[in-house]
Amino acid sequence: MTTTSLETRSPQAAVAAGAAEVWRDDTLDLASERRARRRASRRRFLTGAGGLVGLIIGWQIAAILLGDSVILPSVTETGQSLVHYFTHNYPSQSPPLWKDLLISLRRVLIGFAAGAGLGVGIGAAMFSSRTIRHLIDPVVEVVRPLPPLAFIPLFIVWFGIGELPKEVLIAFGVAPVMIVATLAALDDVPDDLQFAARTLGASKAYALWHVQIRAALPGIITGMRIAMGGSWGSIVAAEMLAATSGVGFVISQAGNYLDTALVFSGIILIAITELVLDTGLRALVWRADPSRRGARKD
Amino acid sequence: MRSLTKVFRRGGRRTVAFSEVDLTIAPGEFVCLLGPSGCGKSTLLRVVAGVLTADEGSVVVAGRQVTGPAADRGMLFQRPMLFPWLTARDNVLFGPRAQRSRGMDERSDAELQLDADSILETVGLIEFADAYPHELSGGMQHRAAFARAVITRPSVLLMDEPFGALDAITRLRMQQFLLAMWEKYRLTILFVTHDIEESILLGDRVALMGGRPPGLTHVIDVPLGRPRDAESVDAAAVLATKRHIRSVLTH
């Protein structure tokens, strides 16, 4: 029973004696947990790459079995076509593919920036005022499910046939998504997080910027990822219907000439561009929200 | 030193959250606010914090009338409410940095870091200073939130059922932790709870809330010396207090 006195020694006495160790949690090894998470994320990446490689192999086998390059060109044919036309003019009047890609990218980015800026602004305004929220909410709900493509003829009548109608189209698709995402992200920030900041001496403006908006950032960027995907759908469709340049136009032209390899080239180009943009946005979410760096989510 | 007086009455449109509450807390005192759910104790705490305003009456902390939230009244919540995008150290530094941005703290970042690290050392989190909240256990998150709240040296620390969501063992540890910190930093604490034993274990005095409209019904002195540990509440001396509180709360 000699150990009793040790066991009942109160932690307070221990702290008074300078031993802060009583509170330490030895079961948690941060470095090894982070290593394990990095390993898991590497494994996830390799598995994902394996899935893509499988898709390409499956495509190649199917193409060889079919033996008809108009219906399904092989991976190698498509690759050759992509590499060739990336820098060479297409037989019709078009410029090389990289120029079309830049044209499409420009349209998407300008429209996206405008739509995202507008959406975040309107979402924030709806968050800050009940009246504005109740006023705009039904408008958003009516507009949001509408396919932006239905408005192409209208935008052409309103804004002519230049770049503007395409950019407006993109913005028109992006804004409602961003309004909803921004509002939801701001709503999701617990009130107590703001209160905590205020009781730590933060001014109203400081808490708004450094806590409310900062806490909503990951949700807003996630909204951007969704909106970005939609943008490419809109731009390609718009270019197929009413344009004389851009990747969508090339795809539609190539289809007319039954140059299936070029159609695939355009699709792959869009896929790669989307992947790059999405990876960039995803990296932003990671930066903004450390808890997503774990292996469980994403 | 400082003395706090709170006198207020708060009338909502029809529901009165609480009315005519008078309570004075001496510097260095640990007062528990005990009552059933919905008796307005959390609302009372938020009025003291300044995030809600009283409809009548006033709160005075260290001679100054409360008009809004400020760093002289630190607050801890049921959930740790750490900022998930900041490391433990940066969470602790949030208050000093926010105050520096309004010119209320002139120390350099290096000096602030030193201060933060010394508090993290005290709460046993120095090895986890660079960890993000989601990487910490529940108890560790609460300790980090505590460190964040005391670095600004508040005149009074307001705690809103801070350990209510913890498992029983972690809770016991956190209670001991809090008592140790209370002594070390000579804190003044107003602690909201609905747990009778917790209020007796922690408080110098226990203020009971209840009635209709809710208000302070009794303020009871806890007949227990310091320091206390988990077994203190089993002492014969407090049995009578426990019974008394229970009978008051259940009528």
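Residues numbered from 1 in each chain as written. Chains lettered and ligands numbered in written order. Predicted model: local features only at pLDDT ≥ 70, side-chain atom pairs only at ≥ 80, totals over all residues.

S.K.: Please explain the overall build of chain A as it appears in this structure.
M.R.: Of the regular secondary structure elements, chain A holds 12 helices and zero strands. Along chain A, helices and strands appear, N-terminal first, in the series α-α-α-α-α-α-α-α-α-α-α-α. Scored against the burial criterion, the 298 residues of chain A give a buried share of 34%. The contacts in chain A between residues at least 6 apart in sequence include a share of 68% that link residues at least 24 apart. (Helix = DSSP H or I, 4+ residues; strand = E, 2+ residues; numbered from the N terminus. Buried ≥ 20, exposed ≤ 12 C-beta atoms within 10 Å, placed from the backbone. Contact = placed C-beta atoms within 7 Å.)

S.K.: Looking at this model, I keep getting lost on unusual backbone geometry. Mind explaining?
M.R.: What you tend to see is this: most non-glycine residues have negative phi, and most peptide bonds are trans. Residue Pro227 of chain B follows Arg226 of chain B across a cis peptide bond; omega there is -5 degrees. Mapping Pro227 of chain B onto the fold places it in the loop between β10 (215-221) and α7 (236-250). The phi dihedral of Leu258 of chain A falls on the positive side, at around 55 degrees, and the residue is not glycine. With respect to the helices and strands, the residue Leu258 of chain A is situated in the loop between α11 (247-256) and α12 (260-288). Overall, Leu258 of chain A belongs to the exposed group, with 11 C-beta atoms counted inside 10 Å. For Arg153 of chain B, which is not glycine, the phi torsion reads 50 degrees and is therefore positive.

S.K.: Could you clarify how one ought to interpret the sheet that holds strand β7 (residues 156-160) of chain B in this entry?
M.R.: Backbone-to-backbone hydrogen bonds join strands into a sheet, with any given pair of strands oriented parallel or antiparallel. Residue and element names in this part refer to chain B. Taken in spatial order, the six strands line up as β6-β7-β8-β3-β9-β10 in an open sheet, and their pairing is mixed. Each edge of the open sheet is held by one strand with a lone partner, namely β6 (73-76) and β10. Here the average twist between neighbouring strands, direction ignored, is 20 degrees. Where strand β3 (residues 30-34) meets strand β8 (residues 189-193), five bridges bridge the pair, whose relative direction is parallel. (Pairing = 2+ DSSP bridges. Axes fitted to C-alpha atoms, helices over the stretch in contact; angles between N-to-C directions.)

S.K.: Could you clarify how one ought to interpret the nonpolar core in this entry?
M.R.: Among soluble globular proteins, nonpolar side chains are generally buried collectively. In this structure, Leu33, Ala147, Leu190 and Phe191 of chain B are the most contacted members of the largest nonpolar core, which totals 135 residues. Looking at which element gives the most residues to this core, the answer is helix α8 (residues 164-188) of chain A, with 15 residues. Leaving out residues up to four positions away in the same chain, Ala147 of chain B has contacts with Val92, Ile119, Leu120, Val123 and Leu125 of chain B. (Core = buried A, V, L, I, M, F, W, Y, C linked by C-beta atoms within 7 Å.)

S.K.: Can you help me understand helix α4 (residues 138-150) of chain B in this one?
M.R.: Structurally, the α-helix is built with 3.6 residues per turn, so residues lying three or four positions apart point the same way. Residues and elements named next belong to chain B. Here α4 spans 19 Å end to end across 13 residues, near enough to the 18 Å set by a 1.5 Å rise per residue. Most of α4 is tucked away, with 12 of its 13 residues classed as buried. Every buried residue of α4 is accounted for by Gly139, Met140, Gln141, His142, Arg143, Ala144, Ala145, Phe146, Ala147, Arg148, Ala149 and Val150. Structurally, α4 contributes buried residues whose contacts are with β6, α2 (88-101), α3 (109-122), β7 and α5 (168-185). (Expected span 1.5 Å × (residues − 1).)

S.K.: Can you help me understand the interface of chain A and chain B in this one?
M.R.: A common way to report how large an interface is uses the accessible area buried once the components associate. Tallying the contact residues gives 31 residues for chain A and 42 residues for chain B. Counting residues per element, the side of chain A that touches chain B draws most heavily on helix α9 (residues 191-199) of chain A, at seven residues. Here the residues of the side of chain A that touches chain B are counted per class, giving 17 nonpolar, six polar and eight charged. (Nonpolar A, V, L, I, M, F, W, Y, C, P; charged D, E, K, R; others polar.)

S.K.: Help me out: how do you make sense of the domain arrangement of chain B in this one?
M.R.: All names here are of chain B. For chain B, the assigned domains read domain 1 (1-72 + 157-251) and domain 2 (84-153). Placing a centre on the C-alpha atoms of domain 1 and another on those of domain 2 gives a separation of 25 Å. At the interface, 12 residues of domain 1 touch 11 residues of domain 2. (Domains from an automatic or database assignment.)

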